[in-house]
Each structure stands twice: as structure tokens, then as C-alpha cells.
Amino acid sequence: MAENKNFIIDFDSTFTKVEGLEALAEIALHNKPNKKKILEKIETLTEKAMQGDISFRESLEKRLALLPANKDHLKLLIVRLQKQISTSFNRNPTFFTQYKNSIYIVSSGFKDFIIPVVERLGLSAKNVYANTFTYDKEGNITGFDEDNILSTNNGKVKLLQQLDLQGDVYVVGDGYTDYEMKAAGLANKFYAFTENVAREKVMHKADHITPSLDEFLYVHQMNRTLSYPKNRIKVLLLENIHADAKKIFEEEGYQIESLSTALDEAELAEKIKDVSILGIRSKSLLTEKVLKQAKRLIGVGAFCIGTNQIDLEACAKKGVSVFNAPFSNTRSVVELAIGEIIFLLRNLPTKMQAMQDGNWQKSAQNSYEIRGKKLGIIGYGNIGAQLSVLAENMGLDVYYYDIVDKLPLGNVTKCKSLKQLLTTCDIISLHVEGKTENKNLLGEEELNAMKKGSILLNLSRGEVVDLNALKKALESGNLAGAGIDVFPEEPKTNQEKFTSVLQGMPNVILTPHIGGSTIEAQENIANFVANKIIKYVNTGSSTSSVNFPNLQLPQLQDAHRLLHIHYNRPGILAEINSIFGQHNINIDGQYLKTNQQIGYVITDVNKAYDEAVVNKLKSLEGTIKFRVLY
Ligand SMILES: NC(=O)C1=CN([C@@H]2O[C@H](COP(=O)(O)OP(=O)(O)OC[C@H]3O[C@@H](n4cnc5c(N)ncnc54)[C@H](O)[C@@H]3O)[C@@H](O)[C@H]2O)C=CC1
Ligand SMILES: O=C(O)CCC(=O)C(=O)O
């Protein structure tokens, strides 16, 4: 960085998260009955001055007149403000120590509390330009030094004129008076600092909006604690993902766009261009065509279990890691399945409709208990196995069939073939994933093989059952009922019309893909997936990614982490290490894992390395993606 740069930094709501005078009022008015009213008045006066709506001098005089504060209150204020230094300022102590002589705190606040706070980050009192209080003999604040240029209107501009700084001048602040220094031609650029407060009028005037000090340092290519400012990470959330996900990403400092609907291929291809993280549920198809447009995509969150809607291989080949929530909604699906089994065995859908139509049908005909009935589960994974435990506890005799060898829980019976399961059980419940091989897993032949009077549940994926064949089986009476939650074609939004060949059939429950749609499940999913993605972005850890080699990494400490994602080919690790060798890189730790498509090598290196290494690693043949983390 060139030495002839000067940084003018505001104090209130920029260096600290709060306005100093407001915090002082909070302390001084503690336990006073009129506290709320006075605080509101002070806040209004601060805001008016910040927005440029009243003169600074007028605002200051009126605020101080409202403030019954003394030196003891100031002591408490200093302790409070020292704890409220802006997060990104605290995160970047090197900036302050390295440029302490070029950083000027220019504030309309008061030196009495500003100096002890900025000294915390290594700045010295001589570079603090601010007002000073006047006190009476008892130490009560009586006013301010009226000769101080900063207590006058346009004080910051006048001060900067006096300072006559040589070289480039950059102003960072949240208020209109900060902008005025640039407007007066005294600064090269004004950066609106929005980490603590975002004022439209000020942002509108800014050369650059900087949501954190990281962004400012990144733009100026200066030493910083974070390799990449978080505000540059754009997240697109689709399909009404639970609000917790948005909150978690926001707290991390990302930019979020959240939509309640799914997008079709063309819409998603357009939207995804500058997106770093995409969050979807089961409706948005993430195809190779869409991925081609994704220039910045790092990670995808499937805020559900199924990932059949995502081209996982294409994602891996693009260096995009996909995470889902394999357990968070399993209980919800199981509870719905149990409920539907009871409803269907009691013939409730038909009876309920009759009541709605005004027909009283008190009869035990076609109504059965679930106790002692044989439940057959196809797919004994997380959901299937959980269903078996609950069902067994309710007195059902449970059987399952899975293509993979699975340990039976409790007294469950494993079937050797699908046919054996279908011909044995009274209730069949599908819990397989939606891969192409499972299309029409239950077609005409399988449905005809089911016991007469049995019922079918599908809460897995729509394509798994041939619905025309199911309609026939219901009409013929071979099946006595069905509960269907998932369909080969589902509406993208709640506004779209739903149609199915099963509409209007007796003893059939149709639900709009809500097996996992409970408040508990959606909240769990949002937290689980959002945190997995943040961990991946921050540390490279790919634990439980569904398409990446899984690597759990230690916390990065005082090192830089180089993440290299490449096509899995022999010899590439040796080539990577040979680059490190040529540049005398001190390796603190190295982790490697591969899957069929890609290799993922993580190397933690000493911070002092030659930048040429980065370029060499990026241009290594077979490189898919390269990131540096610190
Ligand atoms: N309706 C809804 O809202 C929800 C639906 N789901 C669906 O449920 C599916 C299952 O979820 P989990 O149990 O968590 O998945 P899982 O992966 O733990 O279990 C799936 C099981 O099915 C088995 N399987 C696959 N194909 C099979 C076949 N042809 N025959 C027999 N077994 C087969 C697998 O070996 C595995 O054991 C998800 O993939 C998803 O599509 C999941 C959550 C909510
Ligand atoms: O709730 C959703 O959007 C999808 C639920 C689901 O099918 C899944 O988790 O796989």
C-alpha cells in the first residue's frame, strides 16, 4: 500500500456500534422516570443531524441540555464503549497498528470518551479530533468547548481544511457530515459504513458502501483478517426456506435474497449468475445447464433430505459442494405416515367427506384397528427405520425390504424380495430415494401383487409409483386406500393449480408434499444446512457434503489455508507438493480425500508465502476451483 494515504474515520456508529452520547444518556438516566422520553428526544436529534436535516450545532446544544451526566457516568460509558467497538474493527487490529499515523478519528463526539476507546486498537490521542465537555466543580457536564471547530456547523469540513493532509484521503463514516468532507473536495472518496446503521441518504451519496471494514480493506488491497469480505457473498434462497436460514446467513454478513417460490430452469439460470450460495428445497431443478451460468457458486444447500433435484456430479465437477439435512424432517414424515395409516384403515377420508356433504354414516364397515396388521416398509433408511420403531410400538407387525443390507431394529422382519413384502403385508409404505432406477418401482404388476384390501402410502418421491396403475388398483378394489404426498408433477407455487388422476377417489388422502413440512422440521433444517454451508465457506470443512469427499478440518490458526479442488487424476498431489517445495513453503498440515470425480486437497501453510504459488496452483492442469482462506 502506498504510504501517502490518509484515513478519516468517524467514531459514533462507525468505530463503535453505538452513538456515544446516546449511550451516555442511557447511563445517566438509569432508573429515572422520564428516561424513555428523553432518550427518544436525544435519538431524534442525533438522527436529524446525521441526515443533515438540522445543523450540527443546534443538535449538540439541544442534546447536551437534555443530558444530566457527570464524570462518573463517563467512566461507565468508556467501559461500555470499549466493549462495543465495531465487530469488523476488532477483527482487523493490524490495520490500526500498521497505519496508526495515517488514521485520524474525526468526530463530532467527545474526546473525553473517544480517546480511551480508540487507544484500545493502538491509535494515539494526537490523531483524535473531537469535541470536549466542560464541567462544573462537582464534575457535572455543563456543556462543550465552544471554540472547538468541531462544535460548529460544518466542523468536520473546516477541520480537514486546517489539517491540510498530503496525499490521498479516504473518509469512512455513517453520517452525512462524513460525506460533506468529500463533497467539499477534501477527500478522494467517501465510504458509507453500514455495519451498524444504514442511512439511505448517506448511502446514496457514497462512492462505495462498505458493510464492514473488511470490505474497505479488500477494496484497498490492504492486510486484513478475512480473505474475502462476507458482504460479497450473495445467497439466493428459494421455496420459502424457514426464516432462520436467512437470519443465520445475515448474521454471518452475507447478502440474502429470499423468494417463496421455486424458479424454472431459465429463471434460475439467470438468477444464479452472481450467486455464491444457493438454497433450495425439492422443487428447483439444479441442472447442468443452470450450473453453466453459475460463475461464483461455492455451495448449494438442499433444505430437505432428497437431492434428486440436483445434478450432484455436475456440481462436483464445478467444485460446488452440496449439503442437505439428512435427519431434520424424518420424524415429521414418520408421524404423518402413522396418522395416515390410522385414517386409511378406518376409512376416514370417505367418512369425513360424507359428513362434509351432510351424510351421517355411522358404521364399522371397512374400519379396522392398526394393531396386529402387517406393515411393509420399502426402503429401510432413516425414515423407514424410524417408522418401524414407532409402528412396532403401536402394535403393528413390521416387515421391510431394502436393496442394501440393513440391520433390522426390534422384532422387524426383513424380506428377501420386494414381491415377498408386497404379498405379505396389509399396509405398504414407500421410503426410498428418488433416483432414476426407482421410477415406477411400483407399477401395475407390483400393485396387482399386493394383498386384496391393502393400502399404500407414498411419502417419498412422486415418480416411484405409477399413478395410473394405482388408480386402476383402487378402482378394482385390490387396494382399499392410498395416502399420496408426492407427485410426478408438483406445482411450483401455492398459486399454481394441482391436478392428479387420483382426485375424487374414495379413501384416498392427497397431501401437497408436506411430509417434512412441520415448524419443527423446517426450523431444524434451516439451522442445520445454513451452519454446514457457513462452516464450509469459512473452513473448507466438507463433512456430510453429499457430493464432495468428506473432510473434517481443524480450526485454522495463524496460517493460510489453500483449498484445491481438482479432477481426480493420478499424480496431482505430487504436483501440488512439488510447487510447495519449489517455493520453500512451510506446510503446517495437509488433508486429502478423493471420490470418483474429484480430489480435495487442503494445505495449511505459514502466512509468509510467495504469491506466485497461488497462480501456479490455480493453473495446474485439472484444477477445478482454488480458494485461499484466512
Ligand atoms: N414427503 C416429504 O416431505 C419427504 C420425503 N422424503 C423422501 O424420503 C426419502 C427417504 O428418506 P430417508 O429415509 O431419509 O433416506 P435414506 O437414504 O436414509 O433411505 C433410503 C433407503 O431406501 C433404500 N432404497 C433405495 N432404493 C430402493 C429400492 N428400489 N428398493 C428398496 N430399498 C431401496 C436405500 O438403500 C436406503 O436404505 C428421501 O430420499 C426423500 O425423497 C424425505 C423427507 C420428506
Ligand atoms: O419440504 C420439502 O420441500 C421437501 C421435503 C422432502 O421431500 C425431502 O426432504 O426430501
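Just so it is clear, the structure is predicted and the values come from calculations on it, not from any experiment.

Re the sheet that holds strand E22 (residues 587–594)
Turning to step 1, where the next piece is worked out: Ordered by their spatial adjacency, four strands build an open sheet running E22-E23-E21-E24, and the pairing between neighbours is antiparallel. The strands lining the two open edges of the sheet, one partner per strand, are E22 and strand E24 (623–629). Ignoring strand direction, the axes of neighbouring strands in this sheet form an average angle of 10 degrees.
Turning to step 2, where the next piece is worked out: Sheet analysis places E22 next to strand E23 (residues 598–605), joined by seven bridges and oriented antiparallel. Bridge pairing links Ile-587 to Val-605 in E23.
Turning to step 3, where the next piece is worked out: Along the sheet, helix H23 (residues 519–539) makes contact with strand E21 (560–567), E23 and E24, crossing E24 at roughly 85 degrees.
Turning to step 4, where the next piece is worked out: Its contacts with the sheet place helix H24 (residues 572–582) against E21, E22 and E23, and it is angled at close to 165 degrees to E22.

Some details on the site of ligand 2
Turning to step 1, where the next piece is worked out: Looking at ligand 2, the residues that line it are Arg-281, Ser-282, Cys-304, Ile-305, Gly-306, Asn-329, Arg-461 and His-513.
Turning to step 2, where the next piece is worked out: A distance of 2.8 Å separates an oxygen atom of ligand 2 from a polar atom in the side chain of Arg-281.
Turning to step 3, where the next piece is worked out: One of the side-chain N or O atoms of His-513 is found 2.6 Å from an oxygen atom in ligand 2.
Turning to step 4, where the next piece is worked out: For ligand 2, whose accessible area on its own is 290 Å², the fraction buried by protein is 91%.
Turning to step 5, where the next piece is worked out: For the shell around ligand 2, the class distribution of residues is two nonpolar, four polar and two charged.

Topic: the side chain of Ser-541
Turning to step 1, where the next piece is worked out: Relative to the helices and strands, Ser-541 resides in the loop between H23 and E21.
Turning to step 2, where the next piece is worked out: The exposure class assigned to Ser-541 is buried, which follows from its relative accessible area of 4%.
Turning to step 3, where the next piece is worked out: A polar atom in the side chain of Ser-541 sits 3.0 Å from the side chain of Thr-543.
Turning to step 4, where the next piece is worked out: If we ignore the near neighbours within four places in the chain, the residues touching Ser-541 are Phe-323, Lys-535, Tyr-536, Leu-551, Gln-552 and Leu-553.

Considerations on the confidence of the model for the chain
Turning to step 1, where the next piece is worked out: Mean pLDDT over the chain works out to 96, with 100% of the residues at or above the 70 mark.
Turning to step 2, where the next piece is worked out: For this predicted complex, the interface confidence score (ipTM) comes to 0.99, while the overall pTM stands at 0.86.

Re a nonpolar patch on the surface
Turning to step 1, where the next piece is worked out: A cluster of nonpolar side chains, contributed by Ile-342, Phe-343, Met-352 and Met-394, occupies part of the molecular surface with about 320 Å² of accessible area.
Turning to step 2, where the next piece is worked out: When you line up the elements, Met-394 lands in the loop between helix H19 (382–393) and strand E15 (397–401).

Things to note about empty space enclosed by the protein
Unfilled space is identified by rolling a water-sized probe across the atoms.
Turning to step 1, where the next piece is worked out: For the coordinates displayed, the defined rule picks out two cavities of 30 Å³ or more.
Turning to step 2, where the next piece is worked out: Considering the residues around the largest cavity, the lining is formed by 19 residues, among which Asp-12, Met-50, Phe-56, Arg-63 and Ser-108 are closest to the centre.
Turning to step 3, where the next piece is worked out: Elements supplying a minimum of two residues to the lining of the largest cavity: helix H2 (20–28), helix H3 (35–50), helix H4 (56–65), strand E2 (103–110) and helix H10 (176–183).
Turning to step 4, where the next piece is worked out: The element best represented in the lining of the largest cavity is E2, accounting for four residues.

Description of the packing of aromatic side chains
Turning to step 1, where the next piece is worked out: Considering all chains together, one arrives at 28 aromatic pairs under this definition.
Turning to step 2, where the next piece is worked out: Relative to Phe-95, the ring of Phe-7 lies with its centre 5.4 Å away and its plane at 70 degrees, an arrangement referred to as edge-to-face. Here Phe-7, found in strand E1 (residues 5–9), pairs with Phe-95, found in helix H7 (residues 93–98); they are 88 residues apart in sequence, far enough to count as distant. Just as Phe-7 is buried, Phe-95 falls in that class too.
Turning to step 3, where the next piece is worked out: Sitting over the face of the ring of Tyr-176, Lys-201 holds its NZ or CZ atom 5.2 Å from the ring centroid.
Turning to step 4, where the next piece is worked out: Sitting over the face of the ring of Tyr-536, Arg-627 holds its NZ or CZ atom 5.2 Å from the ring centroid.

Details of the layout of surface pockets
Turning to step 1, where the next piece is worked out: Considering only enclosed or pocket space, the second largest pocket measures out at about 1,300 Å³ in volume.
Turning to step 2, where the next piece is worked out: What lines the second largest pocket is a set of 38 residues, and nearest its centre among them are Ser-227, Tyr-228, Val-628, Leu-629 and Tyr-630.
Turning to step 3, where the next piece is worked out: Of all the secondary structure elements, the ones that give two or more residues to the lining of the second largest pocket are H23, E21, helix H25 (612–618) and E24.

Some points on the sheet that holds strand E7 (residues 189–193)
Turning to step 1, where the next piece is worked out: Here we have six strands laid out as an open sheet, ordered E3-E2-E1-E6-E7-E8, and parallel in their pairing. Of all the strands in the sheet, just strand E3 (128–131) and strand E8 (208–210) have a single pairing partner and so form its edges. Sheet twist, expressed as the mean angle between neighbouring strand axes with direction ignored, is 20 degrees.
Turning to step 2, where the next piece is worked out: Relative to E8, E7 is paired through three bridges, and the arrangement is parallel. Note on E8: the bridge partner recorded for Phe-193 is Thr-210.

Quick look at the pattern of salt bridges
Turning to step 1, where the next piece is worked out: Under the definition given, this model contains 32 salt bridges.
Turning to step 2, where the next piece is worked out: Residue Arg-91 is joined to Asp-214 by a salt bridge in which the shortest nitrogen-to-oxygen separation is 2.4 Å. Here the residue Arg-91 occupies a position in helix H6 (residues 87–91), and Asp-214 occupies one in helix H12 (residues 213–219), the gap between them amounting to 123 residues.
Turning to step 3, where the next piece is worked out: The class for Arg-91 is partly exposed, based on a relative accessible area of 28%.
Turning to step 4, where the next piece is worked out: In this structure, the salt-bridge partner of Glu-444 is Lys-472, at a minimum N-O distance of 3.8 Å.

About the thresholds
- Residue positions are counted from 1 within each chain, in the order its sequence is given.
- Both sets of labels track the order of writing: A upward for chains, 1 upward for ligands.
- Side-chain atom pairs in this predicted model are given and counted only at pLDDT of 80 or more, local residue features only at pLDDT of at least 70, and totals for whole chains, interfaces and linings cover all residues.
- No hydrogens and no water enter the side-chain calculation; it runs on all heavy atoms of the structure.
- For two strands to pair, DSSP has to find at least two bridges joining them.
- Here a helix means four or more residues in a row that DSSP labels H or I, a strand means two or more in a row labelled E, and each is numbered from the N terminus.
- To obtain an axis, a line is fitted to C-alpha atoms, over the contacting stretch when the element is a helix, and the angle between two such axes runs from 0 to 180 degrees between their N-to-C directions.
- In what follows, residue pairs with any heavy atoms lying within 4.5 Å of each other are defined as contacts.
- Note on terminology: near, applied to a residue and a molecule or strand, indicates that one of the residue's heavy atoms is within 4 Å of it.
- Pairs of N or O atoms are called polar contacts if they sit within 3.5 Å, as long as, within protein, a hydrogen donor faces a hydrogen acceptor (for residues adjacent in sequence, only side-chain-to-side-chain pairs).
- Here the accessible surface of atoms and residues is derived via Shrake-Rupley with a 1.4 Å probe, and residues count as covered only by protein chains that are part of the display.
- Ten residue types, Ala, Val, Leu, Ile, Met, Phe, Trp, Tyr, Cys and Pro, are classed as nonpolar, four, Asp, Glu, Lys and Arg, as charged, and the remainder, Gly among them, as polar.
- Burial classification: accessible surface area is computed with a 1.4 Å probe over protein chains only, and a residue below 20% of its type maximum counts as buried, one above 50% as exposed, and the rest as partly exposed.
- Per residue, pLDDT measures the predictor's confidence, with a range of 0 to 100.
- Within this analysis, patches are made of residues with over 30% relative accessible area and no salt bridge. Like charges are joined at 9 Å or less; nonpolar side chains (Val, Leu, Ile, Met, Phe, Trp, Tyr) at 5 Å or less.
- Note on definitions: salt bridges are taken to be side-chain nitrogens of Lys or Arg within 4 Å of carboxyl oxygens of Asp or Glu.
- We place a 1 Å grid over just the protein atoms. Points where a 1.4 Å probe fits but has no way out form a cavity, open points with protein on both sides within 12 Å along at least 5 of 7 lines form a pocket, and any residue with an atom within 4 Å of a point lines it.
- Grid points are joined across faces, edges and corners, and a volume is the space filled by probe spheres set on the points.
- Aromatic rings from Phe, Tyr and Trp, with only the six-membered ring used for Trp, were paired whenever their centres fell within 6.5 Å, and each pair was classed as stacked if the ring planes differed by under 30 degrees, edge-to-face if by over 60, and tilted otherwise.
- We call a charge positioned above a ring when the Lys NZ or Arg CZ atom is no farther than 6 Å from the ring centre and deviates by at most 35 degrees from the ring normal.

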